[in-house]
Amino acid sequence: MGKPNRRVLPTIIGVSVLTTLAANVAVLVAREGDGPAASPRADGRAQFVAASGSTGLPTGVVAPLGKRLTPHVLVAAPSTLPADFVEKVRAAKGVQGVEVVDAVQGMVAGKRVGLMGVNPSTFRNYTPKPTAKSDALWRNVASGDVAISFTMGNDGGVELGSQVPVGGKRSPSRLRVGAYATMGIGDVDAVISHTTAQILGMPSGNAMLISVPKTEPKAFVRKLRKTLPKQAKAVEVNPEIDVPQGGGDVPRADGQVMTAHQIQTVIRAAYTRLGWPYVWGGESEAEGGYDCSGLMQFAFARAGIRLPRVAADQARTGWVIPYAKARPGDMLIWANDPTAPGYISHIALYLGNGKMIAAPRRGTVVQVQNVYTRNMRGAVRVSPKLANTLAG
């Protein structure tokens, strides 16, 4: 991200670098052990981390799970990070672990997503417990499969075990979808092995994840930015939303909150999309539909307010207040991923009187719904000034 809370993964070869990721976080994965492919439940949630079929690779091709670490900071650049910089970070005070990866915004199954090339034996230690424990999942990745988030599979309609194009638009390779699993990194929806990434032409070792469990990530990022290589950027991984208990007062200075006219414009714009299909990653008529954050981006743009692309970043465009204090024009936010506590993965527009406009999930259309509070983190009172700043 060029500015705070905007992602920084460069795009795959042949596409301009350092564009913003357009990906949503995985919703739910929870299962111990390996087994057959996962089937979505009727409510659209994943039942478990799933590995598709057998690779035939020997058990020892991927190292056993080691000590699990939580990634707190992501550094990414258009090209390989200098070795001396990586070693300097490894030796820095408070750093418990560093994992070097290949990272791009690339095309997977026709969708532009955050894509990482990794060493399955070591990267698994930086993933949520259910994902990290699945030996079959990591053997599949090592064999050349792509692992995708469950939302990409369920909401994006990418079937487990299917062959999908991965890479640039001109000459993508076809890879098998070997697993549904969250990697616990909100902007990353697809993972392949480092070997596969090099075959695709991705930059090598251009990003790294840093674990600093006893250091405030924001403070670490500020310090790290002073020594970053040219064109490299650093951001906090899955920064949590600060939800105040009391709600507090919202500033009313010009530009800090929306005018009545802006609120009416946003709501009217959202209503014009009623009945449009849910399309994962959709943000305009060109895609034939909208996902939850794409709908918000469309509606607010009609009022001259630019929002970042993904729900987690849209949630930072104002003040988070209790739902009880929400008013029409606020955005409602939910954190549905238990592997990434606090990460906002769904968003909708509040209409008042317990109603909202939302793009729920694949197989549905943009619609007016009753507000539900399960996993809700509150409402966002949008600041046009802050929104336009974060959108870049």
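Residues numbered from 1 in each chain as written. Predicted model: local features only at pLDDT ≥ 70, side-chain atom pairs only at ≥ 80, totals over all residues. Heavy atoms only, no water.

## Some words on the packing of aromatic side chains
- Inspection of the entire model under this criterion finds 5 aromatic pairs.
- Put simply, the rings of Trp276, Tyr290 and Phe298 touch in pairs and so form one group of aromatic residues.
- A cation over an aromatic ring shows up here: arginine 273 above the ring of tryptophan 276, its NZ or CZ 4.6 Å from the ring centre. (Phe/Tyr/Trp six-rings, centres within 6.5 Å; stacked < 30°, edge-to-face > 60°. Lys NZ or Arg CZ within 6 Å of the ring centre and 35° of its normal.)

## A few points about the packing of helix α8 (residues 260–271) against helix α9 (residues 292–301)
- Running from amino to carboxyl end, α8 crosses α9 at an angle of 130 degrees, the nearest separation of the two axes being 7 Å. Classed by the angle they form, the pair α8 and α9 counts as oblique. Like other packed secondary-structure pairs, α8 and α9 cross with a definite hand, here right-handed. Note on element contacts: α9 touches α8 through Phe298, Ala299 and Phe300, opposite Val266, Ala269 and Ala270. (Axes fitted to C-alpha atoms, helices over the stretch in contact; angles between N-to-C directions. Helix = DSSP H or I, 4+ residues; strand = E, 2+ residues; numbered from the N terminus. Parallel < 35°, antiparallel > 145°, perpendicular 65-115°, else oblique. Left-handed = near helix turned anticlockwise from the far one by under 90°. Contact = heavy atoms within 4.5 Å.)

## Quick look at the sheet that holds strand β14 (residues 331–334)
- Sheet architecture is open: 6 strands sit in the order β13-β18-β14-β15-β16-β17, paired in antiparallel fashion. At either end of the open sheet lies a strand with only one pairing partner, and these are β13 (318–321) and β17 (367–370). Direction aside, the axes of adjacent strands within the sheet are offset by 35 degrees on average.
- In this sheet, strand β18 (residues 376–382) lies alongside β14 in antiparallel orientation, the contact comprising 4 bridges. Paired with tryptophan 334 across the two strands is methionine 376, which belongs to β18.
- Set on the sheet, α8 makes contact with β15 (346–352), β16 (355–358) and β17; between it and β15 the angle comes to about 115 degrees.
- Each of β14, β15, β16 and β18 is contacted by α9, which is oriented at about 50 degrees to β15, the strand it contacts most. (Pairing = 2+ DSSP bridges.)

## Structural notes on the confidence of the model for the protein chain
- Averaged over every residue, the pLDDT of the protein chain is 82; residues scoring 70 or more account for 79%.
- Confidence drops under a pLDDT of 50 for residues 1–7, and excluding neighbours within four residues, the segment shows 28 contacts in the predicted structure. (pLDDT = per-residue confidence, 0-100.)

## Some points on unusual backbone geometry
- Positive phi values are uncommon outside glycine, yet glutamine 231 reaches one of about 70 degrees.
- In this model, asparagine 375 sits at a positive phi of 65 degrees, which is unusual for a non-glycine residue.
- By the secondary structure assignment, asparagine 375 is in the loop between β17 and β18.
- Looking at asparagine 375, the relative accessible area reads 31%, which means it is partly exposed. (Buried < 20%, exposed > 50% of the residue type's maximum accessible area, 1.4 Å probe, protein only.)

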